[in-house]
Amino acid sequence: MIVCSHQLSGESWACLRVCGKRGQMLDPDKKKRREERRRFVETFLGMGVAASVASFLYPVLRYIIPPKQVELGASLVLAAHIGDLKPNSGKIFRFGSRPAILILTSDGKYHALSAVCTHLGCTVQYLPDQHEVWCPCHNGKYTVDGANISGPPPRPLQEFDVILKGNDIYAQRPQNS
Ligand code: FES
């Protein structure tokens, strides 16, 4: 059946009578194609809205729900050699597949920590001026023992045992972790 564009009647004269305007006659194929186009546009717009909402929510959720502590994949690693670090400085090294940090304090004590921030996983660094470990992503701070002291980090940094063997400095995952 041919339908007028006002969709009130099957005949243009009837459309004129019902709507008070002359309807344009549409053939059924044209009407079907128009509906398919409308449905496509609606679907496309719906997907765009869903993608926008997801791209907004994902970082918010990541911020609120920190990732679980990551397995570092090694138990004993050569971190540095004696003399590599000046007092009151830090050095990033690899512990398995993840970064770790070796710190030599002003009083000559070594500390080895995971360098993966417990908030969202950024790599931390040592701040000599403040004698603290700092995460540049959201200003999280830790002591040289790895304790979280300010900012969003929810847990301490994992601490490793430091073993000195001759000229080598090793970091070892504690046996109980
Ligand atoms: S990733 Fe947010 S404070 Fe480190």
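What comes next concerns the included structure. Because the structure is a prediction, the values reported are computed rather than measured.

1. A short note on the overall build of the protein chain
Working step 1: When helices and strands are counted, the protein chain shows 2 helices and 12 strands.
Working step 2: Residues counted as buried form 32% of the 177 residues belonging to the protein chain.
Working step 3: Looking at the protein chain alone, contacts between residues at least 24 apart form 39% of all its contacts between residues at least 6 apart.
Working step 4: Counting every atom, the protein chain has about 11100 Å² of accessible surface; 57% of that belongs to carbon and sulfur.

2. Some points on the state of the cysteines
Working step 1: Counted by the stated rule, this structure contains 1 disulfide.
Working step 2: One disulfide bridge connects C122 with C137, the sulfur atoms lying 1.9 Å from each other. Between C122 and C137, the disulfide has an S-S torsion of -95° and is therefore left-handed. Pair noted here: C122 is in the loop between β6 (110–114) and β7 (125–127) and C137 is in the loop between β8 (132–135) and β9 (140–142), with a separation of 15 residues, a long-range link.

3. Remarks on a positive patch on the surface
Working step 1: A cluster of basic residues, K30, R33, R34, R37, R38 and R39, forms a positive patch at the surface.
Working step 2: If you trace the backbone, R38 turns up in helix α2 (residues 28–64).
Working step 3: Under the relative-accessibility criterion, R38 is labelled partly exposed at 47%.

4. Quick notes on a nonpolar patch on the surface
Working step 1: A surface patch of nonpolar side chains, amounting to about 650 Å² of accessible area, comprises V49, V53, F56, L57, V60, L61 and I64.
Working step 2: Relative to the helices and strands, I64 is located in helix α2.
Working step 3: You can call I64 exposed: its relative accessible area is 58%.

Rules and cut-offs
Residues numbered from 1 in each chain as written. Predicted model: local features only at pLDDT ≥ 70, side-chain atom pairs only at ≥ 80, totals over all residues. Heavy atoms only, no water. Helix = DSSP H or I, 4+ residues; strand = E, 2+ residues; numbered from the N terminus. Buried < 20%, exposed > 50% of the residue type's maximum accessible area, 1.4 Å probe, protein only. Contact = heavy atoms within 4.5 Å. Areas by Shrake-Rupley, 256 points an atom, 1.4 Å probe, with all protein chains shown as cover. Disulfide = S-S within 2.5 Å. Patch = residues over 30% accessible without salt bridge, like charges linked within 9 Å, V, L, I, M, F, W, Y side chains within 5 Å. Salt bridge = Lys/Arg side-chain N within 4 Å of Asp/Glu carboxyl O. Lys, Arg positive; Asp, Glu negative; His and termini not counted. Charge placed at Lys NZ, Arg CZ, Asp CG, Glu CD.

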